[in-house]
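This is what each chain is made of:
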2 protein chains.
Amino acid sequence: MNIVVGSDHAGFHLKEHLKTLLYKWGHDVVDVGVHDGTASVDYPDYGSAVGKKVIELGAETRGLAVCGSGIGISIAANKVSGIRAALVNDSTGARLSRQHNDANVLCLGERLVGPTVAEDALKTFLETPFEGGRHARRVEKLDQLK
Amino acid sequence: MNIVVGSDHAGFHLKEHLKTLLYKWGHDVVDVGVHDGTASVDYPDYGSAVGKKVIELGAETRGLAVCGSGIGISIAANKVSGIRAALVNDSTGARLSRQHNDANVLCLGERLVGPTVAEDALKTFLETPFEGGRHARRVEKLDQLK
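Residues numbered from 1 in each chain as written. Chains lettered and ligands numbered in written order. Predicted model: local features only at pLDDT ≥ 70, side-chain atom pairs only at ≥ 80, totals over all residues.

### Focus: the overall build of chain A
Here is step 1: Helix and strand content of chain A: six helices and five strands.
Here is step 2: Its helices and strands taken in sequence order, chain A reads β-α-β-α-β-α-β-α-β-α-α from the N to the C terminus.
Here is step 3: Relative to the globule expectation of 15 Å for 146 residues, the C-alpha radius of gyration of chain A, 14 Å, shows essentially globular dimensions.
Here is step 4: Seen through its principal axes, chain A has C-alpha atoms that stretch 45 × 30 × 25 Å.
Here is step 5: Of all 146 residues assigned to chain A, the portion counted as buried reaches 52%.
Here is step 6: Across chain A, contacts joining residues at least 24 apart in sequence account for 70% of those joining residues at least 6 apart. (Helix = DSSP H or I, 4+ residues; strand = E, 2+ residues; numbered from the N terminus. Rg over C-alpha atoms; globule rule 2.2 N^0.38 Å. Buried ≥ 20, exposed ≤ 12 C-beta atoms within 10 Å, placed from the backbone. Contact = placed C-beta atoms within 7 Å.)

Right, here's the structure in full:
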């Protein structure tokens, strides 16, 4: 699977950690940055970049976006039309985001979620199928919102 | 403060519970529905309605949006231009969403967060000021994203 990853400085270390796992699991990874965690950067730039690249690469692509709390980068990613970015704290949230919302971007907060919990959430996010049915109507409505 | 509240059926009971508290705390509450938790409705309709009403009522207005996980309704609210909707699990997330993101809508998942944790998150969300400074530049960037 194509996975687009991105973070600001506060999410850099978790993004790098999860990127290593994604390679290990055999995915193709596109990293939109930030490529260095030492300088302060603006999360809207990276949330938007993840979202736009996911749309550009097509329907089978997923995204991973990390900042300190996950909140700012999830707001930014969701401003991109067609993006359904789910901020989660664990694999339960990740599972529901796939089953009910067909989420295409997973958002995490490096300051709030530890690396092992984040790994489980990412694994669940990648492995859980969308349930469709009544949820499909709602996802269509999401994609029509402005 | 004007507070716009909304939920789907899965967030109805937590929305009603928190609405009672908002009245007790002296706020003006606008409830965009759902007004009955027995029928299945679509969260995009209510997330969008909360966001649009917050924008309509002006800068000092805040929103509260609840669904089962909080994920779907936070995606929907964030599709509205000018809305910064923060999905949180506790008062730490609520505090950071105000300090760093100037969040104007708080999102909660009734199936994931218990009522006492939700109460604390809501109180923190309403009482915590935005820090401004470098965060103001990022919030301006968020508001320019499409």
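Here the narrative resumes.
### Regarding the confidence of the model for chain A
Here is step 1: With 100% of its residues at a pLDDT of 70 or more, chain A shows a mean pLDDT of 97.
Here is step 2: In the predicted assembly, ipTM is 0.97 and pTM is 0.97. (pLDDT = per-residue confidence, 0-100.)

### A closer look at the relation of the copies chain A and chain B
Here is step 1: The two copies are related by a screw motion: chain A maps onto chain B through a turn of 180 degrees and a shift of 0.0 Å along the axis, at an RMSD of 0.0 Å. Both chain copies can therefore be described as sitting about a two-fold axis.
Here is step 2: Most of the interface of chain A is mirrored in chain B: 100% of its interface residues are interface residues there too. (Least-squares fit on C-alpha atoms with pLDDT ≥ 70 in both.)

### Overview of unusual backbone geometry
Here is step 1: Residues A:Gly33 and A:Val34 are joined by a peptide bond in cis, for which omega reads 5 degrees.
Here is step 2: You will see that B:Asp102, though not glycine, has its phi angle at about 45 degrees, which is positive.
Here is step 3: Within the element layout of this structure, B:Asp102 appears in the loop between helix H4 (91–99) and strand E5 (105–109).

### Points about the sheet that holds strand E4 (residues 85–87) of chain A
Strand pairing in a sheet relies on backbone hydrogen bonds. The paired strands run either parallel or antiparallel.
All names here are of chain A.
Here is step 1: The strand order across the open sheet built from five strands is E2-E1-E3-E5-E4, with neighbouring strands paired in parallel fashion. The open sheet is flanked by strand E2 (28–31) and E4, the only strands paired with a single partner. With direction set aside, neighbouring strand axes in the sheet form an average angle of 20 degrees.
Here is step 2: Set on the sheet, helix H1 (residues 12–24) makes contact with strand E1 (2–7), E2, strand E3 (62–67) and strand E5 (105–109); between it and E1 the angle comes to about 165 degrees. (Pairing = 2+ DSSP bridges. Axes fitted to C-alpha atoms, helices over the stretch in contact; angles between N-to-C directions.)

### Describing the nonpolar core
Here is step 1: Judged by nonpolar contacts, the single largest core of 88 residues is most densely connected at A:Leu106 and B:Leu106.
Here is step 2: Excluding anything up to four places from it in sequence, A:Leu106 contacts A:Leu64, A:Ala86, A:Val88, A:Ala94, A:Ala121, A:Leu122 and A:Phe125. (Core = buried A, V, L, I, M, F, W, Y, C linked by C-beta atoms within 7 Å.)

### Some points on the interface of chain A and chain B
Here is step 1: Contact with chain A, which involves 32 residues of that partner, is made by 32 residues of chain B.
Here is step 2: Looking at the side of chain A that touches chain B, the elements that each hand over two or more residues are helix H2 (43–57), helix H3 (71–78), E4, helix H4 (91–99) and helix H6 (134–144) of chain A.
Here is step 3: Of the residues in the side of chain A that touches chain B, the class split is 13 nonpolar, 11 polar and eight charged. (Nonpolar A, V, L, I, M, F, W, Y, C, P; charged D, E, K, R; others polar.)

### Section: the pairing of E5(B)
Residues and elements named next belong to chain B.
Here is step 1: With five of its five residues buried, E5 lies for the most part within the structure.
Here is step 2: Two strands pair when backbone bridges link them, and strand E3 (residues 62–67) and E5 are joined in this way by five bridges, in the parallel orientation. The partner of valine 66 across the bridge, within E5, is leucine 108.
Here is step 3: With three bridges connecting them, strand E4 (residues 85–87) and E5 associate as parallel partners. Note on E5: the bridge partner recorded for alanine 86 is leucine 106.
Here is step 4: The handedness of the E4 to E5 crossover, carried by H4, is right-handed. (Right-handed = clockwise from strand over helix to strand, strands pointing away.)

### Describing H2(A)
Here is step 1: Along its 15 residues, H2(A) runs 21 Å from first to last C-alpha, staying within 8% of the 21 Å computed at 1.5 Å per residue.
Here is step 2: Within H2(A) the residues assigned to the buried category are A:Tyr43, A:Pro44, A:Tyr46, A:Gly47, A:Ser48, A:Ala49, A:Val50, A:Gly51 and A:Val54.
Here is step 3: Residues of H2(A) that are buried in the fold lie against E1, E3, H3, E4 and E5 of chain A together with helix H6 (134–144) of chain B.
Here is step 4: At the C-terminal side of H2(A), A:Gly58 shows a positive phi close to 100 degrees. (Expected span 1.5 Å × (residues − 1).)

### Brief notes about the pairing of strand E2 (residues 28–31) of chain B
All names here are of chain B.
Here is step 1: Pairing analysis gives four bridges linking strand E1 (residues 2–7) to E2, with the strands arranged parallel. When the bridges of E2 are listed, valine 5 appears paired with aspartate 31.
Here is step 2: Once you follow E1 into helix H1 (residues 12–24) and on to E2, the crossover reads as right-handed.

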